[in-house]
Amino acid sequence: SEMPSEHPSELPSEMPSEHPSEMPSELPSEHPSDLPSEVPSESPTASPSVSSAPSGLFAPSSAPSVSAIPTNTATLENLNRFCIDTDPSIRFIVPDPPGTNNGKRKTCKWVQRLKNTQPNLIWKRCGIVGVNGFPNVSIADYCPKACDTCGSCQNSRERFVIPNPPGVEGSIRKSCNWITRVRNASPNLWFKRCAIDIVAEKCAAGCELC
C-alpha cells in the first residue's frame, strides 16, 4: 500500500525497505550490521569499547620497563629485601634543608662515605624524609644497605623509649644515632649504651652484635 499501516506487523518483512526510516528504532537490533555506517555518530559513546585482543602496535613488551629512579613501594621494598642500595649512577632529590621543596641531587655514596669518618652523621642523613618529593620516603628507603636498615643485621628507623634507672621517674626517647655517634669518639660510652636491652634490640648493627 502507498500509506503505512497504523500498527506495525508482529513479524519482520522478508525484504528490507528500499528507503531507510526517517526515525531510528527505539531498540537496538539483535544482530550488528556487517558493514560500518557511512556517517559517524554525532555523539561519542558513554564508555570506551573493549577490544578482545590487544593490537600489535600497542602490545605489551616482553620485559618490564625500568624506571631510572625508584618511585613505587614495590621497587623500594625490593631494595630492602635484597639489602642493596640504589645504583650509584642514579641520583635522587634530597630536600635541602629538610622539610622544604628545595632539593639537591645525591646518590647513596653521600651516606656510604661517612661510615668510617662520621658515623653519627650517617643516621642523620638516613632519617631525612621527602626524597624525590614523596613525604613518607626517606634516604634509608633508597639506601638501606648504607643505612644498615635491611637484612638480618640492621638498625631500627624508629625512635624508641629507654626507661630511666630504678627510682628515677620518666623515660627518654632515642634513635640509633644515639649509639653510632659515640662509636669512635667514646667507645666506653658506646659499649655502656649498647648494654641496655632495648638498645641492643633496636640497634643491632650499630652495636655490632651481628
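Note that this is a predicted model, so its numbers are computed, not measured. (Residues numbered from 1 in each chain as written. Predicted model: local features only at pLDDT ≥ 70, side-chain atom pairs only at ≥ 80, totals over all residues. Heavy atoms only, no water.)

Student: Explanation requested: the overall build of the protein in the structure shown.
Tutor: Along its length, the protein carries 7 helices and 4 strands. Secondary structure elements in the protein, listed N-terminal to C-terminal, are α-β-β-α-α-α-β-β-α-α-α. Across the 210 residues that make up the protein, the buried fraction comes to 26%. For the protein, long-range pairs separated by at least 24 residues make up 46% of all intrachain contacts whose partners lie at least 6 apart in sequence. Surface accessibility of the protein: about 16500 Å² in total, with carbon and sulfur atoms responsible for 55%. (Helix = DSSP H or I, 4+ residues; strand = E, 2+ residues; numbered from the N terminus. Buried < 20%, exposed > 50% of the residue type's maximum accessible area, 1.4 Å probe, protein only. Contact = heavy atoms within 4.5 Å. Areas by Shrake-Rupley, 256 points an atom, 1.4 Å probe, with all protein chains shown as cover.)

Student: What is the right way to look at the pattern of salt bridges in this model?
Tutor: Think of it this way: side chains of opposite charge can pair up when their charged atoms draw near. Inspection of every chain in the model, using the stated rule, returns 1 salt bridge. Across the pair Arg183 and Glu208 runs a salt bridge, and its minimum N-O distance is 3.0 Å. Of the two residues, Arg183 is situated in the loop between helix H5 (177-180) and helix H6 (187-194) and Glu208 in the segment after helix H7 (197-202); the sequence distance between them amounts to 25 residues. On the basis of relative accessible area, Arg183 is assigned to the partly exposed category, the value being 25%. (Salt bridge = Lys/Arg side-chain N within 4 Å of Asp/Glu carboxyl O.)

Student: Where do I start with helix H3 (residues 119-126) in this structure?
Tutor: The periodicity of an α-helix, 3.6 residues per turn, causes residues three or four positions apart to be oriented the same way. For H3, every residue scored as buried is listed here: Pro119, Ile122, Trp123, Arg125 and Cys126. The buried residues of H3 occupy an angular sector of 165° when the element is viewed end-on, so they sit on one face. In this structure, the buried side of H3 is in contact with helix H2 (109-112), helix H4 (139-142) and H5. (Arc of directions from axis to C-beta.)

Student: Quick question: what am I supposed to make of the nonpolar core here?
Tutor: Soluble globular proteins tend to pack their nonpolar side chains together in the buried interior. Counting residues in hydrophobic clusters, the biggest one holds 31 residues, and the most contacted among them are Phe92, Val111, Ile139, Cys143, Ile179 and Val199. Counting only elements with at least two residues in this core, the list comes to helix H1 (73-81), strand E1 (92-95), H2, H3, H4, strand E3 (160-163), H5 and H6. With near-sequence residues (within four places) excluded, Val199 lies in contact with Phe160, Ile162, Trp178, Ile179, Arg193, Cys194 and Cys207. (Core = buried A, V, L, I, M, F, W, Y, C linked by side-chain atoms within 4.5 Å.)

Student: Is there a simple way to think about the state of the cysteines in this case?
Tutor: Disulfides are covalent bonds that link the sulfur atoms of two cysteine residues. Within the structure shown, the criterion is met by 5 disulfides. One disulfide in the model links Cys108 with Cys143; its S-S distance is 2.1 Å. Classification of the bridge connecting Cys108 and Cys143 rests on its S-S torsion, roughly -90°, and on that basis the disulfide is left-handed. Of this pair, Cys108 sits in the loop between strand E2 (103-106) and H2 while Cys143 sits in the loop between H4 and E3, and the two are 35 residues apart along the sequence. Here Cys108 matches Cys143 in class, with each residue buried. (Disulfide = S-S within 2.5 Å.)

Student: Looking at this structure, how should I read the environment of Ser175?
Tutor: Relative to the helices and strands, Ser175 is located in the loop between strand E4 (171-174) and H5. By relative accessible area, Ser175 is classed as buried at 12%. Sequence-wise, Ser175 and Arg157 are 18 residues apart; in three dimensions their C-alpha atoms are separated by 7.4 Å.

Student: Please explain unusual backbone geometry as it appears in this structure.
Tutor: Note: most residues except glycine have negative phi, and most peptide bonds are trans. We note that Cys83 has phi near 50°; this positive angle belongs to a residue other than glycine. Turning to its location among the elements, Cys83 is positioned in the loop between H1 and E1. The phi dihedral of Asn132 is positive, around 55°, even though this residue is not glycine. Of note, Asn132 is situated in the loop between H3 and H4. Taking the relative accessible area as the measure of exposure, Asn132 reaches 19% and is therefore buried.

Student: Would you take a moment to explain the side chain of Arg193 for this structure?
Tutor: Its place among the elements puts Arg193 in helix H6. Salt bridges are absent for the buried Arg193, whose nearest opposite-charge side chain, Glu208, sits at 14 Å. Once residues within four sequence positions are removed from consideration, Arg193 is found in contact with Trp178, Ile179, Arg181, Val182 and Val199. (Lys, Arg positive; Asp, Glu negative; His and termini not counted.)

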